[in-house]
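# Breakdown of the fold
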Amino acid sequence: MKYFVILISAIAISISGCNTEKPKTKSVYMLLDTSGTYTKELDKAQKIINYLLATLDSGDSLAVARIDSGSFSEKDIVSKVTFNTRPSVVSDQKRVFKRSIDGFISGVKSSSYTDITGGVLQASEFLNETRADEKIILVFSDLKEDLVKGHMRDFSIPLVDIKVVALNVTKLRSDNVDPRHYLNRVAKWQERVNQGGGNWSVLNDLERLERLISG
Amino acid sequence: MDNLVLTLIRFHSGEAIMNTEMLLLWSDQLPVSLTVWLILVVLAMYLGRCQAHQLITSSSGAIRTLFRLMARSFNRLAIRLNSRNKEIILSHGRDAVEKKIDREFHRVNALVKKDLSGYPAVQRKINDAIERIEEDFSSSIEAPPLPPSWVEGVDTIAKTAKAADPTVALILENINQSLAKAQKEALDEYRKNSQGRHEALKNMLPTWRNVSQQLNEINKNVDGIEGQATVIDKHMEEYESIRNKEDAAVRKLLSSSVTQLFISGLVLIIAIMGGFINFQLIALPMSEMVGGTSQLGPMKTADVAALVIIMVEIAMGLFLMESLRITHLFPIISSMDDNMRKRMLIITLSILTILAGFEASLAYMRDLLALDREALTQSLAGSEIISAEFRWIPSVGQMVIGFILPFTLAFIAIPLESFIQSFRTVLGAVFCQFLQLIDVIFRMAGNIVQRCGHILIRIYDLMIFIPLEIEKQMAGRKIRMKKIKTNIKTNADQLPVLTEEKLS
């Protein structure tokens, strides 16, 4: 009987051997820049969202919000979801989410201003509420902030344990004239994120997104 | 950490300075100081030679004794283990052969019941057949027709009065014709009777064949029993050999155990693989029931639940095999009365069937989930959703596998029992060999330590060979001097005698 117990334990260990690590829950908040001509880039954002939907699983959270004139608001969240524990429900949630995003992208209107800081702040709040193990903010923008007169955004954003990734940071016309504009813009955001305790990175080649999400 | 390293360096550098000072204690010149040190060391070693030799001899002796003691204790343990192992092997072998003999006797019993129980009927049949043959034989005996007694008288009359009277001649002719007719009739009757006898003999043929067939059958049955008896004899010889605790029997049984271990191990590996496939089949749909995110230690609750189901199936399989008395892992089940055992059999079989049905439904659910996920992935990728033809085939296949695997896993009890039994025996034998190896190693180590002691003494003497040589020389000189002195004394004693002799 003793040998039997040992054998059964050995079977259990061998079967579960590949699953000894506790799976981490992920929470992703994606900010979509809807200012000016950047709306033309949104089809790329749609592909990224689809990729996220295919990758994220039970227990993970996903939210997509737009960056407009005043982004520090729940109204700017296009769609958000925390995936159910049941795989069949997860598939339904993903379908609903996709429909919602498709609807938003097909009818999006350009905003006059670009409040990226407000959006990041809103994202930080959302992610902290989810209490996920891994928190990621994806900023799909050219990182050119244009605030409404009177809006105060010159402060440190709390981004402890949050990974902030700037996606598809397009070069503006002025960047081509003087590339330092682009570099300064990126450096400024990196400094702000690092000041807030976050982890900054830029990802212009969307093929590498897989490494970011799975890693 | 850095401070610790610095302290260590300082300590070591201080130690080095101290060592240098010690080396240059006798002179500022290193070779001179070293020579003095060497002389002192050699002198000290020479003075303490006896004690050093005693120390080395006693230490090596003590270590050797310790090693030999340990070797002896390991050897005793190995002998005890070997004896115990032998007993277990013989006991298992005896049980197995007893079972074999019992089975053979049952076979013989069945054979006797089946074939020889019908022997009286066969005998009756043979007797009937023989009676029939006798009857037929007696009816087939030829009875030649007797010639009529008046034929000679008639013949004489016919010869004598043939030509006398035509009337008489006519009468005689009529008599002749009647006689010929009577003879013809008698011949016909005889032929008819002969034909009847032939018919009777012909009827005897199938009866003969029947008798021959019956006898052949009896012969075959007797041969079968003889064959069984030969097998029983062989088993009995084996049994005797085991009872006499012969080494050949132990070796044979051990070899059989090793073979069993390998075979059952192989089958168990196959069963584990089957269990793994089963796990893969039900782990995903299990997350639909118990949730996909909850954890139980380092494992997902869904995985644990799937494992539990597989384990329960294996346990049910074990109980089922026990109830059928195929395995004997749980004596409490084997010793149950037949009714209780039958109830247990029905219960375990029912649970196993329910679990198999449950697994089949889970396998179907898994297929549905996989399909749904595939469709979603295609929709997210923006490609057209293609519904594959004959998609029902893998679904049905998964359901069938889900239903069959629990029953297949139930049979794991048979190789498991064999594995446990043979593993115990083989492990005991291996451990015994291991203990004997340790015994040899300790013995060797003891001898090596003793030899090392001897070598150490030689090295010690080699290091102080100069004072030893001086001592040897001095001792030789002392002996020589002593001899000279003895000679002088002898000569001195002999001198007055010689003088007196010369004078006389």
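Source: prediction; values computed, not measured.

### Points about the overall build of chain B
- Secondary structure summary: chain B contains 13 helices and two strands in total.
- Within chain B, buried positions represent 27% of all 504 residues.
- When contacts within chain B are restricted to residue pairs at least 6 apart in sequence, those whose partners lie at least 24 apart make up 78%.
- Put simply, chain B shows about 34,500 Å² of open surface, and 65% of that area lies on carbon and sulfur atoms.

### Here we look at the pairing of strand β4 (residues 134-140) of chain A
All names here are of chain A.
- Across the seven residues of β4, seven count as buried, placing the element largely inside the fold.
- Along β4, one buried face is formed by Glu134, Ile136, Leu138 and Phe140 and the opposite face, lined by Lys135, Ile137 and Val139, is buried too.
- Where strand β1 (residues 26-33) lies against β4, seven bridges are found, and the strand directions are parallel. Each bridged residue has a counterpart across the sheet, and for Lys26 the counterpart in β4 is Glu134.
- With six bridges joining them, β4 and strand β5 (residues 162-167) adopt parallel strand pairing. Across the sheet, the residue bridging to Phe140 is Leu167, located in β5.

### Quick look at the pairing of strand β2 (residues 61-67) of chain A
Residues and elements named next belong to chain A.
- Most of β2 is tucked away: seven of the seven residues are buried.
- Going residue by residue along β2, you find Ser61, Ala63, Ala65 and Ile67 tucked away on one face and Leu62, Val64 and Arg66 tucked away on the opposite face as well.
- The sheet contact formed by β1 and β2 spans seven bridges and is parallel. Looking across to β2, one finds that Ser27 is bridged to Ser61.
- A crossover links β1 with its parallel partner β2, the connecting element being helix α2 (residues 42-55), and its sense is right-handed.
- In this sheet, strand β3 (residues 77-82) lies alongside β2 in antiparallel orientation, the contact comprising five bridges. In the strand pairing of β3, Val64 is matched with Ser79.

### What about a negative patch on the surface?
- A surface patch of like charges, here negative, comprises Asp128, Glu131, Glu134 and Glu135 of chain B.
- Along the chain, Asp128 of chain B turns up in helix α4 (residues 119-139).

### A closer look at the packing of helix α7 (residues 247-290) of chain B against helix α11 (residues 392-410) of chain B
Residue and element names in this part refer to chain B.
- As a packed pair, α7 and α11 sit with axes 10 Å apart at the nearest point and diverge in direction by 140 degrees. Here α7 is positioned oblique relative to α11, judged by the angle of their axes. As for the relative orientation of α7 and α11, their crossing is left-handed in sense. Residues Ala271, Gly274, Gly275, Ile277, Asn278 and Leu281 of α7 form the contact with α11, whose participating residues are Gln398, Ile401, Gly402, Leu405, Pro406 and Leu409.
- For the contact of α7 with α11, the residue count by class is seven nonpolar, five polar and no charged.

### Points about the sheet that holds β2 of chain A
Residues and elements named next belong to chain A.
- Strand order in this open sheet of six strands is β3-β2-β1-β4-β5-β6, and the pairing throughout is mixed. Each edge of the sheet is formed by a strand with only one pairing partner; in this case those strands are β3 and β6 (199-203). Ignoring strand direction, the axes of neighbouring strands in this sheet form an average angle of 15 degrees.
- On the sheet, helix α4 (residues 116-130) packs against β1, β2, β3, β4 and β5 and is oriented at approximately 165 degrees with respect to β1.

### Describing the pattern of salt bridges
- Taken as a whole, this structure holds 15 salt bridges over all chains when the rule is applied.
- Between Arg95 of chain A and Asp92 of chain A there is a salt bridge whose closest N-O contact spans 3.6 Å. You can see Arg95 of chain A and its partner Asp92 of chain A sitting in helix α3 (residues 87-106), three residues apart, about one turn around the helix.
- Salt-bridge contacts for Arg192 of chain A lead to Glu145 of chain A; the nearest nitrogen and oxygen are separated by 3.9 Å. Taken together, the positions of Arg192 of chain A in helix α6 (residues 179-195) and Glu145 of chain A in the loop between β4 and β5 put the pair 47 residues apart, joining distant regions of the chain. Taken individually, Arg192 of chain A and Glu145 of chain A each receive the classification buried, so the pair is uniform in this respect.
- A single salt-bridge network, built from bridges that share partners, covers Asp92 and Arg95 of chain A together with Asp372 of chain B.

### Details of helix α6 (residues 166-243) of chain B
- Relative to the 116 Å expected for 78 residues at 1.5 Å per residue, α6 of chain B spans 113 Å between its end C-alpha atoms, a close match to the ideal helical length.
- Looking one or two places after α6 of chain B, you find Lys245 of chain B, whose phi comes out positive at around 55 degrees.

### Description of the environment of Val42 of chain B
All names here are of chain B.
- Along the chain, Val42 turns up in helix α2 (residues 30-47).
- Looking at Val42, the relative accessible area reads 18%, which means it is buried.
- In sequence terms Val42 and Tyr460 are 418 residues apart; their C-alpha atoms lie 9.8 Å from each other.
- Residue contacts for Val42: discarding those within four places in its chain leaves Met463, Ile464 and Pro467.

### Digging into the side chain of Ser264 of chain B
- Among the structural elements, Ser264 of chain B can be located in helix α7.
- Beyond its immediate chain neighbours, meaning those up to four positions away, Ser264 of chain B contacts Pro415, Ser418, Phe419 and Ser422 of chain B.

### Topic: the confidence of the model for chain B
- A residue-level look at chain B finds 89% of positions with pLDDT of 70 or above and a mean pLDDT of 84.
- Two numbers describe this predicted complex: its pTM, 0.62, and its ipTM, 0.75.

### Quick word on the environment of Phe434 of chain B
- Relative to the assigned elements, Phe434 of chain B resides in helix α12 (residues 413-463).
- Along the primary structure Phe434 of chain B and Ala78 of chain B are separated by 356 residues, whereas in three dimensions their C-alpha atoms are 8.4 Å apart.

### Quick look at a nonpolar patch on the surface
All names here are of chain B.
- Together, Phe390, Trp392, Ile393, Val396, Val400, Phe403 and Ile404 line one region of the surface with nonpolar side chains, adding up to about 690 Å² of accessible area.
- With respect to the helices and strands, Phe390 occurs in the loop between α10 (338-381) and α11.
- Residue Phe390 is classed as exposed on the basis of its relative accessible area of 55%.

Rules of the game
Residues numbered from 1 in each chain as written. Chains lettered and ligands numbered in written order. Predicted model: local features only at pLDDT ≥ 70, side-chain atom pairs only at ≥ 80, totals over all residues. Heavy atoms only, no water. Helix = DSSP H or I, 4+ residues; strand = E, 2+ residues; numbered from the N terminus. Buried < 20%, exposed > 50% of the residue type's maximum accessible area, 1.4 Å probe, protein only. Contact = heavy atoms within 4.5 Å. Areas by Shrake-Rupley, 256 points an atom, 1.4 Å probe, with all protein chains shown as cover. Pairing = 2+ DSSP bridges. Right-handed = clockwise from strand over helix to strand, strands pointing away. Patch = residues over 30% accessible without salt bridge, like charges linked within 9 Å, V, L, I, M, F, W, Y side chains within 5 Å. Salt bridge = Lys/Arg side-chain N within 4 Å of Asp/Glu carboxyl O. Lys, Arg positive; Asp, Glu negative; His and termini not counted. Charge placed at Lys NZ, Arg CZ, Asp CG, Glu CD. Axes fitted to C-alpha atoms, helices over the stretch in contact; angles between N-to-C directions. Parallel < 35°, antiparallel > 145°, perpendicular 65-115°, else oblique. Left-handed = near helix turned anticlockwise from the far one by under 90°. Nonpolar A, V, L, I, M, F, W, Y, C, P; charged D, E, K, R; others polar. Expected span 1.5 Å × (residues − 1). pLDDT = per-residue confidence, 0-100.

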